[in-house]
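For reference, the chains in residue letters:
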Amino acid sequence: MENNVIVSLKDIVVDFDGARILDGLSLDIHDKEFVTFLGPSGCGKTTTLRVIAGFIEPKSGNIFFDGKDIAGLPPYKRQVNTVFQKYALFPHLNVFENVAFGLRLKKLPENEIRSKVLEMLEVVGLKGYERRNIATMSGGQQQRVAIARGLVNQPKILLLDEPLGALDLKLRKEMQLELKRLQREMNITFVYVTHDQEEALTMSDTVVVMNEGNIQQIGSPEDIYNEPKNAFVADFIGASNILDGIMIRDFLVEFAGKEFSCVDKGFKPNTPVQVVVRPEDVKVVPMVQGQIAGLVKEVIFKGVHFEMRVDVEGREWLIHSTQASQPGELIGMCIGPDEIHIMERQEG
Amino acid sequence: MIKKKSLAAPYLVWMVIFMVVPLLIVIGYALTDKSGAFTLSNLTTIGRYSSVFARSLILAAEATVICLILAFPLGYFLSRLRSSKQHTMLMLIMLPMWMNFLLRTYAWMSLLENNGLINKFLGLFGIGPFNMINTSGAVVLGMVYNYLPYMILPLYTAMTKIEDSVIEAAQDLGASSWGTLTKVLIPMASPGIATGITMVFVPSVSTFIISRMLGGGSNLLIGDLIELQFLGNSYNFNLGAAMSLVLMVIVLLCMSFTNTFDEEGLEGGAM
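The text that follows walks through the structure, step by step, so that each part is easy to find. Nothing here was measured: the structure is a model prediction, and the numbers come from that model.

As a volume, the largest pocket reaches approximately 350 Å³. Forming the boundary of the largest pocket are 20 residues, of which A:Thr46, A:Arg50, A:Ile56, A:Asp161 and B:Glu168 lie nearest the centre. Elements supplying a minimum of two residues to the lining of the largest pocket: β1 (5-16), α1 (45-53) and β7 (157-161) of chain A together with α8 (164-172) of chain B. By residue number, the principal contributor to the lining of the largest pocket is α1(A), which donates 5 residues. Class assignment for the residues of the lining of the largest pocket results in 9 nonpolar, 5 polar and 6 charged.

Dropping the structure here:
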C-alpha cells in the first residue's frame, strides 16, 4: 500500500525552555494510512503532532503538505483537524453546535450543515444526542463528539493525541476498533499518538517508535514487533529478553553460553550483537531436552499465561508459558531459529 | 441530618432588621408627603430630574464599556500566565485598592486641575493648559480608575476556566483570532463579563463622591441628587427616598438584563 506522501517532515528541530524536544526529525506520512507515533512520555510524539497541526513552529526544518511547504501557515488554514487528549469540546455549545463549529466557520448553507452534522453523529453512534449538553455526557460519548467534530470537516488528515487515555480499559478496546473502522470508512489519514504499545499494534498500518526526540524505527506492527531495530524498540514494544551475543557466522549466533541456529545473516564473523527473545517464544521442556537450563525463581498467574522469572547463568529471563512450573524447579528451555532476533549492538 | 436551612438563620435575622425593614421605610417615605399622607407626587416629580438620571446612566455605561475593553485582554493575558506569575500580577492589580478611595480621587483632582500636575507638565512644552477637571470625562475617568479591578477579577476568574486546548480546538477547526474571540472566548467568559458589568455599573451609577470631586457642579449624578435631599439644601426625605427607589429599579433591570445575557452565553447552542 504505497500511497502518495501527504505530509513530509524534514529535519524538524523544536526547542522548548532550552531543552531539545525534536532533534532533526524527518518522516514521510503516506495518504490514507493509519500512522501511530509510539513512545514514552517526553519522547516528542505529541510535539510532532502539534508541528503538523501548526500549534508549534519548529526552530528549523521544513514541513510539506501535499508537496507544498506549509511552514508559518496558521492552524486554521491547515487541512488537518485534531482530536485532543481531553476532548476540548466547547462547553457553551450543545452536541450539534460542537460538531457544526467548523462548518459554520466555512459559512455553509444551514441545510447542508444540518445534514452533514446529523450524518456524522450517526457514524460515531450518537444519533439522537444533538441537543444534549456536553457536560451531561460520559467520557466515551464526549470523545465521540470530538471525533465527529474533526471528521465532519473532511480533513485530509485527522490528528489524534492520546484520545483514549482517559477512558477505562473496556471502553478503550471498543474505541480502538471503532477508530480503525472510521479510518477505513472515511478513507483518510489518521495520525495517532499513544504511549500504549498494544494500542499502537492493534490499530496501525505504520508504527513510528520514538525516543528522546528521534525516530527509533518505522515499520508495520509486525515488523516492529518481530524485528526490532534496537534494544529500546524491543523493550518498549513488549517485555523482552535482550541479551548480549556474538554472531559467529551466518545463521549461527552464540548467547547464554550456547550456540543457536538463527535466520539472520550478513554480519561479519564474530560480530558482537544483541539478541531479542520474546517471553512467549521460549518453549519450556523437561531439563534434559532443553538447549539451555534455568532455575525458576518466581511464577505469577496472568490469566492467559503464567509469567515466570527464570535464572539462566546469573541472568534473569522473562518467560510466558501456559504451563505452570514451581519456584525452585530446574527447567529446560528451547528457542527456535525463527524466534531469535538479532540486532546490532549499541554502545552505551 | 441537621436542617441546613438553620445555618442561614443568623443572616436571615440580619437581613430582616437591616435590609427589609429599612427598605420598607424607604418605600414608605417615597409614597408619602411631608405630613405623612399618601401621595404619588414624589415619584411623578422625578421626571423633572430625568436629565440627571440619563447622565448617570450614560456616564456609568461609558465607564463600564471602557473597563470591559481594558480588562478583557488583560484578563486573558493573566489567565494564560503560569500560576506563580498570576498571583504576583493580581497583587499588582489590587495594589491601588489598598489606598483609601477618597485619597485616590483627591489625587486625581490635583492631577487634573487647571494648574494641576498634568497641565504644569504640559506647560513645560508650551502645550495647554487643558480644562480637564469638572468635565464628564473626568467623572468617567474616576469611575474607570476606581472600579477597573472589579471588572478584571471576574473576567480573569472566568478565563482561567478556559483551557488552552479549547482555544486550540477553535483554531484547529478553522477559527481565525477574531472567530476564536467571538465564538469561543467571549461566550465562555460571559459569566465573568456579566459579573464584571454589574460590579462596575452599579457603583458607578450611584456614586456621588467621584462626580462631586471630579465633575464639579455641572455634572450632577443621581447619587449627588439623593445626597442633596438628605444632607443638602433641598432637604426632602420623601423625594430622596423616591429617587433611591427608582434608581434601585433601574439597577435591578440592568442586572436582570446582564443575567439573561449570561445564561444565554452558558447554555447557548440554539439550533
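Once that is clear, we can look at the packing of α8(B) against helix α9 (residues 177-206) of chain B. Residues and elements named next belong to chain B. Closest axis-to-axis distance for the α8/α9 pair is 10 Å, and the angle between their directions is 155°. Classified by the interaxial angle, the pair formed by α8 and α9 is roughly antiparallel. In the packing of α8 onto α9, the handedness of the crossing is right-handed. Of the residues in α9, those touching α8 at Val166, Ile167, Ala170 and Gln171 are Thr180, Val184, Leu185 and Met188. A breakdown of the residues in the contact of α8 with α9 according to their chemical character gives 6 nonpolar, 2 polar and no charged.

A separate point is the pairing of β1(A). Residue and element names in this part refer to chain A. Direction of pairing for β1 relative to strand β2 (residues 19-30): antiparallel, over a ladder of 9 bridges. Residue pairing for β2: Phe16 is matched across the bridge by Ala19. Between β1 and β2, which follow one another and run antiparallel, lie 2 residues, and Asp17 among them has a positive phi close to 50°. The pairing of β1 with strand β4 (residues 60-65) spans 5 bridges and is antiparallel. The residue bridging Ser8 from the neighbouring strand is Phe64, located in β4.

A few words on the packing of aromatic side chains. All told, the structure shown has 16 aromatic pairs over all chains when counted by the stated rule. Geometrically, the ring pair formed by A:Phe90 and A:Phe101 is tilted, given 4.3 Å between the ring centres and 35° between the ring planes. Of this pair, A:Phe90 sits in the loop between β6 (80-83) and α2 (95-105) while A:Phe101 is found in helix α2, placing the two residues 11 residues apart along the sequence. Per residue, the accessibility class of A:Phe90 equals that of A:Phe101, and both read buried. Cluster of aromatic residues (ring-pair linked, three or more members): B:Tyr29, B:Phe230, B:Tyr235 and B:Phe237. Lying across the ring of A:Phe90, A:Arg149 places its NZ or CZ 4.8 Å from the centre.

Another aspect to go through is helix α3 (residues 50-80) of chain B. The end-to-end C-alpha separation of α3(B) is 44 Å, in line with the 45 Å expected for 31 residues at 1.5 Å each. The largest bend in α3(B) amounts to roughly 30° and is located at B:Ala71, with the proline B:Pro73 lying one to four residues further along.

So, on to the pattern of salt bridges. All names here are of chain A. Taken as a whole and assessed by the stated rule, the structure comprises 25 salt bridges over all chains. Of the charged contacts in the structure, one is a salt bridge between Lys180 and Asp205, with a shortest N-O distance of 3.5 Å. Taken together, the positions of Lys180 in helix α5 (residues 169-186) and Asp205 in the loop between α6 (197-203) and β9 (206-211) put the pair 25 residues apart, joining distant regions of the chain. Overall, Lys180 belongs to the buried group, its relative accessible area being 11%. Linking Glu316 and Lys297 is a salt bridge whose minimum nitrogen-to-oxygen distance equals 3.8 Å. Here Glu316, found in strand β18 (residues 315-321), pairs with Lys297, found in strand β16 (residues 292-301); they are 19 residues apart in sequence, far enough to count as distant. By relative accessible area, Glu316 is classed as partly exposed at 37%. Via salt bridges that share partners, Lys297, Glu298, Glu307, Arg309 and Glu316 belong to a single interconnected network.

Our next topic: the sheet that holds strand β5 (residues 68-69) of chain A. Sheet strands pair by backbone hydrogen bonding; their relative direction is either parallel or antiparallel. Taken in spatial order, the 4 strands make up an open sheet running β2-β1-β4-β5 (chain A), and their pairing is antiparallel. Where the open sheet ends on each side, the last strands, each with one partner, are β2 and β5 of chain A.

What follows concerns the sheet that holds strand β3 (residues 34-38) of chain A. All names here are of chain A. Taken together, the 6 strands give an open sheet; going across it, the order is β6-β7-β8-β3-β9-β10, and neighbouring strands pair in mixed fashion. The sheet is open, and its two borders are formed by β6 and β10 (214-219), each paired with just one other strand. Recorded for the sheet is a direction-independent mean angle of 20° between the axes of neighbouring strands. Most of the contacts of α1 go to β7, to which it runs at about 145°, and overall it touches β3, β6, β7, β8 (189-194) and β9. Relative to β6, helix α4 (residues 139-151) is tilted by about 175°, and along the sheet it contacts β6, β7 and β8.

In this assembly, 27 residues from chain A lie in contact with 23 residues from chain B. Taken over both partners, the interface formed by chain A and chain B buries close to 2200 Å², and the fraction arising from carbon and sulfur atoms is 63%. Of all residues in chain A, A:Tyr76, A:His92 and A:Leu105 give up the largest surface area on contact with chain B, accounting jointly for 30% of the area buried on that side. Joining chain A to chain B, the criterion identifies 2 salt bridges. Across the pair B:Glu168 and A:Arg50 runs a salt bridge, and its minimum N-O distance is 2.6 Å. At the surface where chain A touches chain B, the tally comes to 5 residue pairs in polar contact (both at pLDDT 80 or more). Of all the secondary-structure elements, those providing two or more residues to the side of chain A that touches chain B are α1, β6 and α2 of chain A. Looking at the side of chain A that touches chain B residue by residue, the classes come out as 14 nonpolar, 6 polar and 7 charged.

What counts as what
Residues numbered from 1 in each chain as written. Chains lettered and ligands numbered in written order. Predicted model: local features only at pLDDT ≥ 70, side-chain atom pairs only at ≥ 80, totals over all residues. Heavy atoms only, no water. 1 Å grid on protein atoms, 1.4 Å probe; cavity = no way out; pocket = protein on both sides within 12 Å on 5 of 7 lines; lining within 4 Å. Points joined across faces, edges and corners; volume = space filled by probe spheres on them. Helix = DSSP H or I, 4+ residues; strand = E, 2+ residues; numbered from the N terminus. Nonpolar A, V, L, I, M, F, W, Y, C, P; charged D, E, K, R; others polar. Axes fitted to C-alpha atoms, helices over the stretch in contact; angles between N-to-C directions. Parallel < 35°, antiparallel > 145°, perpendicular 65-115°, else oblique. Left-handed = near helix turned anticlockwise from the far one by under 90°. Contact = heavy atoms within 4.5 Å. Pairing = 2+ DSSP bridges. Phe/Tyr/Trp six-rings, centres within 6.5 Å; stacked < 30°, edge-to-face > 60°. Buried < 20%, exposed > 50% of the residue type's maximum accessible area, 1.4 Å probe, protein only. Lys NZ or Arg CZ within 6 Å of the ring centre and 35° of its normal. Expected span 1.5 Å × (residues − 1). Bend = angle between axes of the 7 residues up to and from the residue. Salt bridge = Lys/Arg side-chain N within 4 Å of Asp/Glu carboxyl O. Buried area = accessible area lost by both parts, 1.4 Å probe. Polar contact = N/O pair within 3.5 Å; in protein donor to acceptor, adjacent residues only side chain to side chain.

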